[in-house]
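If you want the building blocks of each chain, they are given just below.
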Amino acid sequence: MTQPLHIDFVSDVACPWCAVGLASLERALQNLAGEVPVEVRFQPFELNPQMGPEGQDVTEHLTQKYGSTPEQQAQSRAGIAQRGAALGFEFRKEGRGRVWNTFDAHRLLAWAGEQGARQQRDLKMALLRAYHGEGRNPSDPAVLAEVAESVGLDRKAAEDMLASSRYAQEVRDAEQHWQSLGIHAVPSVIINNRHLIQGGQPPELFEQALRQLAQQPEGSATTEA
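Please read these numbers as outputs of a predicted model, since none were measured by experiment.

What counts as what
Residues numbered from 1 in each chain as written. Predicted model: local features only at pLDDT ≥ 70, side-chain atom pairs only at ≥ 80, totals over all residues. Heavy atoms only, no water. Helix = DSSP H or I, 4+ residues; strand = E, 2+ residues; numbered from the N terminus. Rg over C-alpha atoms; globule rule 2.2 N^0.38 Å. Contact = heavy atoms within 4.5 Å. Areas by Shrake-Rupley, 256 points an atom, 1.4 Å probe, with all protein chains shown as cover. Phe/Tyr/Trp six-rings, centres within 6.5 Å; stacked < 30°, edge-to-face > 60°. Lys NZ or Arg CZ within 6 Å of the ring centre and 35° of its normal. Axes fitted to C-alpha atoms, helices over the stretch in contact; angles between N-to-C directions. Parallel < 35°, antiparallel > 145°, perpendicular 65-115°, else oblique. Left-handed = near helix turned anticlockwise from the far one by under 90°. Nonpolar A, V, L, I, M, F, W, Y, C, P; charged D, E, K, R; others polar. Core = buried A, V, L, I, M, F, W, Y, C linked by side-chain atoms within 4.5 Å. Buried < 20%, exposed > 50% of the residue type's maximum accessible area, 1.4 Å probe, protein only. Salt bridge = Lys/Arg side-chain N within 4 Å of Asp/Glu carboxyl O. pLDDT = per-residue confidence, 0-100. Arc of directions from axis to C-beta. Polar contact = N/O pair within 3.5 Å; in protein donor to acceptor, adjacent residues only side chain to side chain. Pairing = 2+ DSSP bridges.

Chemist: Looking at this structure, I do not really get the overall build of the protein. What am I missing?
Modeler: Tallying secondary structure elements over the protein gives nine helices and six strands in all. Taken over C-alpha atoms, the radius of gyration comes to 17 Å for the protein, in line with the 17 Å a tight globule of 225 residues would show. Projected onto the principal axes, the alpha-carbon positions of the protein cover approximately 50 × 45 × 30 Å. Within the protein, residue pairs in contact and separated by at least 24 positions form 77% of the contacts whose partners lie at least 6 positions apart. With the model as given, the accessible surface of the protein reaches about 10900 Å², and the carbon-plus-sulfur share is 49%.

The structure is reproduced here in structure tokens:
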């Protein structure tokens, strides 16, 4: 008998591998539709929590942070774009030209999550596409409100929330919670608070793991990939 699965998808809007990982997980969930009951919730993680409001050129940023050359970055982008295309997620050349602070995007996702898992999922995917596909600024309140409206959320309510400090403490507490559990890289997929799958894994891996975990009794050992 299959057990219901709760998935916490820890990620950042600014992370291209998070877009790949989410598209891959969704492909697996489509294959499992009707077999395994699954609820997905999106949890915050900031790759660059100290990033200022002006942002930074992505090539400059990655060179400073990782020591990579523009040529190495271009090769990495090409590989990520290929992975995304195979899963139906388009990384466009105009996307991700600049790195921005994503704290308010996480506040918006927390707000959407209060309205339902579907609303939060739709907003998450729309934010990923807005940034990686269109190069839009995920720290701009006007952009965030427009993206929220595009998936059927109330724009005025989103604007009011973003103009306030609501969900700020909830996001910080959630970030600290996952970091305290050893989550220091994203995407990290935590299933039923015990089983961990990290990285932009292929759909087949997610599907196999979810099938196995749905059949396991409570308290089984952690799964890592």
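Chemist: Looking at this structure, how should I read the side chain of Q43?
Modeler: Within the secondary structure, Q43 sits in strand β2 (residues 38-44). Once residues lying within four places of it in the same chain are set aside, the contact partners of Q43 are D8, F9, V10, S11, A174 and W178.

Chemist: How should I be thinking about the packing of aromatic side chains in this particular structure?
Modeler: Aromatic ring pairs: the centre-centre distance and the angle between the two ring planes describe each pair. All chains considered together, the criterion is met by two aromatic pairs. A cation sits over an aromatic face here: R98 above W100, 5.8 Å from the ring centre.

Chemist: What exactly am I supposed to notice about the packing of helix α1 (residues 16-32) against helix α3 (residues 70-86) here?
Modeler: How two helices pack is summed up by the angle between their axes together with the distance between the axes. Contact geometry of α1 with α3 gives a least axis separation of 9 Å together with a crossing angle of 20 degrees. When the interaxial angle is binned, α1 and α3 end up roughly parallel. In terms of crossing hand, the pair formed by α1 and α3 is left-handed. Each of P16, W17, V20 and R27 in α1 lies in contact with α3, whose residues at this interface are I80, R83, G84 and A86. Class assignment for the residues of the contact of α1 with α3 results in five nonpolar, one polar and two charged.

Chemist: Looking at this structure, how should I read the nonpolar core?
Modeler: What tends to happen in soluble globular proteins is that the nonpolar side chains get buried as a cluster. Residues L5, I7, F9, F89, V189, I191 and L210 are the most contacted members of the largest nonpolar core, which totals 27 residues. When neighbours within four sequence positions are excluded, I191 is seen to be in contact with L5, H6, I7, I197, L210 and L213. Grouped together as the second largest cluster of nonpolar side chains are 26 residues, V99, W111, M161 and L162 included.

Chemist: Hey, could you run me through the pattern of salt bridges in this one?
Modeler: Side-chain pairs of opposite charge can arise whenever the charged atoms involved come near each other. Overall, the coordinates contain twelve salt bridges when judged by the stated rule. R118 is paired through a salt bridge with D122; the nearest N and O atoms lie 3.1 Å apart. Taken together, the residues R118 and D122, both in helix α5 (residues 117-134) and four residues apart, mark about one turn of the helix. A relative accessible area of 52% means that R118 is categorised as exposed. Overlapping salt bridges, with partners in common, bring together E26, R118, R121 and D122 in one network.

Chemist: Please clarify how the confidence of the model for the protein should be interpreted in this entry.
Modeler: The predicted structure's coordinates, where accompanied by low pLDDT, should not be read in detail. Looking at the protein, the pLDDT average stands at 94 and 96% of residues meet or exceed 70. For the stretch residues 220-225, pLDDT sits under 50, and the model shows 16 contacts to residues farther than four places along the chain or on other chains.

Chemist: Hey, could you run me through the packing of α5 against helix α6 (residues 141-150) in this one?
Modeler: Between α5 and α6, whose axes approach to 9 Å, the crossing angle comes to 130 degrees. Here α5 lies oblique to α6, going by the angle between them. In this structure, α5 crosses over α6, and the sense of that crossing is right-handed. On α6, the residues touching L123, A126, L127 and A130 of α5 are L144, V147, A148 and S150. Residue composition of the contact of α5 with α6, grouped by class: seven nonpolar, one polar and no charged.

Chemist: Mind showing me how you'd approach helix α7 (residues 155-163) here?
Modeler: In an α-helix, one full turn covers 3.6 residues, which means residues spaced three or four apart are oriented alike. Within α7, the full set of buried residues consists of A158, M161 and L162. Seen end-on, α7 carries its buried residues on one side only, within an arc spanning 95 degrees. Along α7, the residues that are exposed and aim more than 90 degrees away from the buried face are K156 and A163. Residue D154 occupies the N-cap position of α7, its side-chain oxygen lying 3.0 Å from the main-chain nitrogen of K156.

Chemist: Got a minute to help me understand the pairing of strand β6 (residues 195-198) in this structure?
Modeler: Examined bridge by bridge, strand β5 (residues 188-191) and β6 share four bridges and lie antiparallel to one another. Looking across to β6, one finds that S188 is bridged to Q198. Hairpin remark: β5 followed by β6, antiparallel, with three residues in the connecting loop; positive phi at N192, about 55 degrees.

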